[in-house]
Amino acid sequence: MSSPPTSTSSHDQGRATVARIYDYLLGGKQNFEADREAARRLLQAIPDSANIARSNRLFMQRAVRTLAEDGIKQFLDLGSGIPTQGNVHEIAQAIDPNIRVLYVDIDPVAVVVSNQILRDNPTCRAIEGDFTRPDLILDALADGDLASVIDLDQPTAVLYCSVLQQVPDDRIDAVVTPIRERLAPGSAMVMSHISATVADRYDNTTVSEGKAVFRARAATEITLRTDAQLAALFGDLTLLEPGLVPLNEWRPELGEPDPYAAGPTPSPMRGAVAIDL
Ligand SMILES: C[S@@+](CC[C@H](N)C(=O)[O-])C[C@H]1O[C@@H](n2cnc3c(N)ncnc32)[C@H](O)[C@@H]1O
C-alpha cells in the first residue's frame with residue numbers, strides 16, 4: 001500500500017467516506033483526518049466496529065476461495081473498497097492465475113489505489129461506478145473493453161460485501177434484481193450485510209449513534225435488514241451450506257484470525273453465498 005494517502009481532488013479531505021472509514025478500521029493508510037475522526041466516533045458508539053470489518057473481510061475471502069475452487073473464472077466486486085490485504089484477485093488468482101476481477105467503487109480513492117496495485121495484472125481492473133445504477137453497470141459491461149474482463153454470458157460471481165446496507169428499502173430490489181437476473185447459469189452471488197439483530201445486541205441509543213456517525217460524517221444512511229429480507233435478495237438462487245448465517249459461522253477455517261471465532265457472541269453481520277444451479 002502506498003503512503004501518504006492518494007488524493008484525487010482538492011475536496012477529498014473535507015468529508016469522510018465509507019470507503020476510507022472502513023480502510024481506517026482495517027488499519028489502512030488511505031484515509032484523511034475527516035475519515036479518522038468519523039471512525040473514532042464510530043468506535044466510541046460501537047467499539048466492535050473494527051472487529052466487524054475484519055470478520056467481514058475474512059468471510060469475503062472464504063467465499064471467493066470457495067467459488068474459485070468451484071471453477072468460477074470471473075468476479076464482479078460491487079462496492080469493492082480500498083484494497084487492503086487479501087483482496088479478491090489475490091485470493092482468486094492463488095487458485096487460478098487466469099481468473100478475472102472487475103472492481104467497481106464510487107470512491108475515487110478506492111479506484112485509483114486498486115488500479116495501482118493491478119498495474120501488472122492484465123486480467124483485473126477497477127472502475128469508478130455506482131452499483132445503485134445497475135443499468136449503467138450492465139451498459140458498461142456490454143461495452144467491448146470491459147467485456148474482456150467480465151463476460152456476463154459466462155458464469156460470474158457478483159460480490160455485494162458490506163455494501164447493501166447503504167441502499168434504502170424502497171430501492172433495494174431495483175438495485176439488486178437487474179444484476180442478479182442478468183447472471184448466466186452457473187453464476188454466484190455473495191452478500192454480507194449488517195443484520196437487524198444488532199438491535200437485540202446493542203440498545204437503541206447505540207444503534208442510533210452508529211447510524212448517526214455515517215449520516216452526519218459520510219452522508220450515508222444505513223438500513224438494517226432481517227434474515228427474511230436478506231434471503232429474498234438472492235431470488236431463485238440456491239444458498240450454499242450453511243445458508244445465511246453470522247459471518248464467522250460461514251465455513252470457518254481453523255486458525256483464522258476471526259475476532260468472533262472463539263467468543264460466545266457471533267458477528268452482527270449476516271452472509272451467504274448462492275449459486276445459479
Ligand atoms: C464497507 S465498504 C466494503 C468494501 C468491500 N466490499 C469489503 O467488503 O471489504 C463499502 C464500499 O462500498 C462503496 N460504495 C458505497 N456506495 C456505493 C455505490 N453506490 N456504488 C459503488 N460503490 C459504493 C464504498 O465506497 C465502500 O468502498
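Reading the values: rules and limits
- All residue numbers refer to position in the chain's written sequence, counted from 1.
- Owing to the predicted nature of the model, reporting of local features is limited to residues with pLDDT of at least 70; listing and counting of side-chain atom pairs is limited to 80 or more, with chain, interface and lining totals taken over all residues.
- Here the side-chain values reflect all heavy atoms present in the structure, with hydrogen atoms and water set aside.
- Cavity and pocket criteria rest on a 1 Å grid covering protein atoms alone: a 1.4 Å probe that fits but cannot get out defines a cavity, protein on both sides within 12 Å along at least 5 of 7 lines defines an open pocket, and an atom within 4 Å of a point defines a lining residue.
- Grid points are joined across faces, edges and corners, and a volume is the space filled by probe spheres set on the points.
- Nonpolar residues are Ala, Val, Leu, Ile, Met, Phe, Trp, Tyr, Cys and Pro. Charged residues are Asp, Glu, Lys and Arg, and all others, Gly as well, are polar.
- What counts as a helix is a DSSP run of H or I of at least four residues, what counts as a strand is a run of E of at least two, and both are numbered from the N terminus.
- Only protein chains enter the accessibility calculation, which uses a 1.4 Å probe; a residue is then buried when its area is under 20% of its type maximum, exposed when over 50%, and partly exposed in between.
- Throughout, an axis means a line fitted to C-alpha atoms (over the contacting stretch in the case of helices), and angles, computed between N-to-C directions, take values from 0 to 180 degrees.
- Geometric relationships in this document are graded by angle, where less than 35 degrees denotes roughly parallel, more than 145 denotes roughly antiparallel, 65 to 115 denotes roughly perpendicular, and other angles denote oblique.
- Any two residues whose heavy atoms approach within 4.5 Å are treated as being in contact.
- A helix is expected to span 1.5 Å for every residue after the first.
- When at least one non-hydrogen atom of a residue lies within 4 Å of a molecule or strand, that residue is treated as near it.
- Pairs of N or O atoms are called polar contacts if they sit within 3.5 Å, as long as, within protein, a hydrogen donor faces a hydrogen acceptor (for residues adjacent in sequence, only side-chain-to-side-chain pairs).
- Using a 1.4 Å probe, the Shrake-Rupley method yields the accessible areas, and only the shown protein chains count as cover for residues.

Under the annotation held in an unreviewed UniProt entry, the protein carries the name O-Methyltransferase involved in polyketide biosynthesis and is attributed to Micromonospora peucetia.

Turning next to the layout of surface pockets. Of the pockets and cavities examined, the second largest pocket occupies roughly 230 Å³. In this structure, the second largest pocket is lined by 12 residues; those nearest its centre are L26, R54, R57, T84 and Q85. Here the residues of the lining of the second largest pocket sort into 4 nonpolar, 5 polar and 3 charged.

With an omega dihedral of 10 degrees, the bond running from E241 to P242 counts as a cis peptide bond. Relative to the helices and strands, P242 is located in the loop between β6 (238–239) and β7 (245–246). The phi dihedral of A219 is positive, around 50 degrees, even though this residue is not glycine. Within the fold, A219 resides in the loop between α10 (204–218) and α11 (227–232). Under the relative-accessibility criterion, A219 is labelled partly exposed at 47%.

Orientation of helix α6 (residues 134–142) relative to helix α8 (residues 169–182), taken along the N-to-C sense of each, is 30 degrees, at an axis distance of 9 Å. Viewed along their axes, α6 and α8 adopt a mutual orientation that is roughly parallel. Two secondary-structure elements touch here, α6 through P134, I137 and L138 and α8 through A174, V175, P178, I179 and R182. Its residues placed into classes, the contact of α6 with α8 shows 7 nonpolar, no polar and 1 charged.

Our next topic: helix α3 (residues 49–69). In this model α3 runs 31 Å from its N-terminal to its C-terminal C-alpha over 21 residues, within 8% of the 30 Å that 1.5 Å per residue would give. For α3, the tally of buried residues reaches 17 of 21 residues, placing the bulk of the element in the interior. Of the residues one or two after α3, G71 is the one with positive phi, at around 105 degrees.

Two elements in contact, helix α2 (residues 33–45) and α10, have axes whose closest approach is 9 Å; the angle formed by their N-to-C orientations is 170 degrees. In terms of axis orientation, α2 runs roughly antiparallel to α10. Along its contact with α2, which presents E37, A38, R41, L42 and A45, the element α10 presents T206, E209, G210, V213, F214 and R217. When its residues are assigned to classes, the contact of α2 with α10 shows 5 nonpolar, 2 polar and 4 charged.

We now examine the site of the ligand. In the region of the ligand, 19 residues are neighbours, and Y22, N56, G79, D105 and D130 sit closest. A distance of 3.4 Å separates a nitrogen atom of the ligand from a polar backbone atom of G129. Between Q166 and the ligand, the recorded distance is 3.5 Å, taken from a side-chain N or O atom to a nitrogen atom. Contact with the protein chains hides 93% of the accessible area of the ligand, taken as 600 Å² for the molecule alone. Only α1 (18–25) and α3 provide two or more residues apiece to the shell around the ligand. For the shell around the ligand, the leading source of residues is α1, giving 3 residues. Split by residue class, the shell around the ligand holds 7 nonpolar, 8 polar and 4 charged.

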